[in-house]
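Inside the fold
Listed here are the chains, written in short residue letters.
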Amino acid sequence: VKYCEKYIKLQIWDMLADPWGHRRRNVYRGAHCIIVCIGYDAMMHDDTVLSEYRTDHIPAWLQEIQRYACSSANIVVAFTKADLATNITTDQQGRVDEIKTAVAKLLSTERPEGRWELIDVSAKTFANVNRLFATATKLVYHRMQEADASCQAVIKPRKKKQKSLLERLTGFGR
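These numbers were taken from a predicted model, which means no experiment stands behind them.

**Points about the overall build of the chain**
A count of helices and strands for the chain gives six helices and five strands. Helices (α) and strands (β) of the chain occur, in sequence order from the N terminus, as β-β-α-β-α-α-β-α-β-α-α. Counting only residues that meet the buried cut, the chain has 34% of its 174 residues in that class. Of the contacts formed within the chain by residues at least 6 apart in sequence, a portion of 74% connects residues at least 24 apart.

See the structure below:
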């Protein structure tokens, strides 16, 4: 993806298929941005059949990211299947709001402001899908800019090597 005249490589990994977390740990180590997807269908119901989609796993996922990812890695939480929010009951909306608030609170204690974002997306209606990847790209770009700036502050300019007497008299190098 080209962003601000720089090319940024985005890789997408589906980590749900990794039940023991072996691949996840390795992928987290090099990640500049991690997108965590949480489905509206899982947030609306207490009795989700698939335990991988249960919302009580969210704190464990975020702790895993905290443990294995770089401390400056950005996190974007994508609340997927947002199109389901149109047919939601008051009780379900309360549960969704409660989960979103809890996720925001967890992220704000682990990551500074500007290092995380919450976005509702829907693949069915394509709502905010471009925004999701644009946000991830923007966060990676800014992280790269910060890294470049900190490296520039550390790197001292090299002193120009002084020519030998022979080089100065003859104009030839060694």
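Picking up where we left off.
**So, the pairing of strand S4 (residues 74-80)**
For S4, a buried count of seven out of seven residues is recorded, marking the element as mostly surrounded by other parts of the structure. Burial along S4 is two-sided: Asn-74, Val-76, Ala-78 and Thr-80 and Ile-75, Val-77 and Phe-79, pointing in opposite directions, are all buried. For strand S3 (residues 33-39) and S4, the ladder comprises seven bridges, and the chain directions are parallel. Residue pairing for S4: Ile-38 is matched across the bridge by Phe-79. In this sheet, strand S5 (residues 116-120) lies alongside S4 in parallel orientation, the contact comprising five bridges.

**Describing a nonpolar patch on the surface**
Where nonpolar side chains cluster on the molecular surface, the patch consists of Val-1, Leu-10, Ile-12, Ile-35 and Phe-133 and spans about 430 Å² of accessible area. Topologically, Ile-12 is positioned in the loop between strand S2 (6-7) and helix H1 (22-30).

Rules behind the numbers
All residue numbers here refer to positions counted from 1 along the written sequence of the relevant chain. Reporting in this predicted model follows two pLDDT cut-offs: at least 70 for local features of residues, and 80 or more for side-chain atom pairs to be given and counted; totals over whole chains, interfaces and linings ignore these cut-offs and use all residues. Processing note: side-chain calculations cover all non-hydrogen atoms of the structure and skip hydrogens and water entirely. Working definition: helices are DSSP H or I runs of at least four residues, strands are E runs of at least two. Numbering for both runs from the N terminus. Each residue's exposure class comes from its accessible area (1.4 Å probe, protein chains only) as a fraction of the maximum for that residue type: buried when under 20%, exposed when over 50%, partly exposed otherwise. Residue contacts are counted whenever heavy atoms from the two residues lie within 4.5 Å of one another. Here a strand pair is declared whenever DSSP counts at least two bridges between the two strands. Patch membership requires more than 30% relative accessible area and the absence of a salt bridge. Residues of like charge join within 9 Å; the nonpolar side chains Val, Leu, Ile, Met, Phe, Trp and Tyr join within 5 Å. We get accessible surface area from the Shrake-Rupley algorithm with a probe of 1.4 Å; when it comes to residues, only the shown protein chains can shield them. Salt bridge, as applied in this entry: a Lys or Arg side-chain nitrogen positioned within 4 Å of an Asp or Glu carboxyl oxygen.

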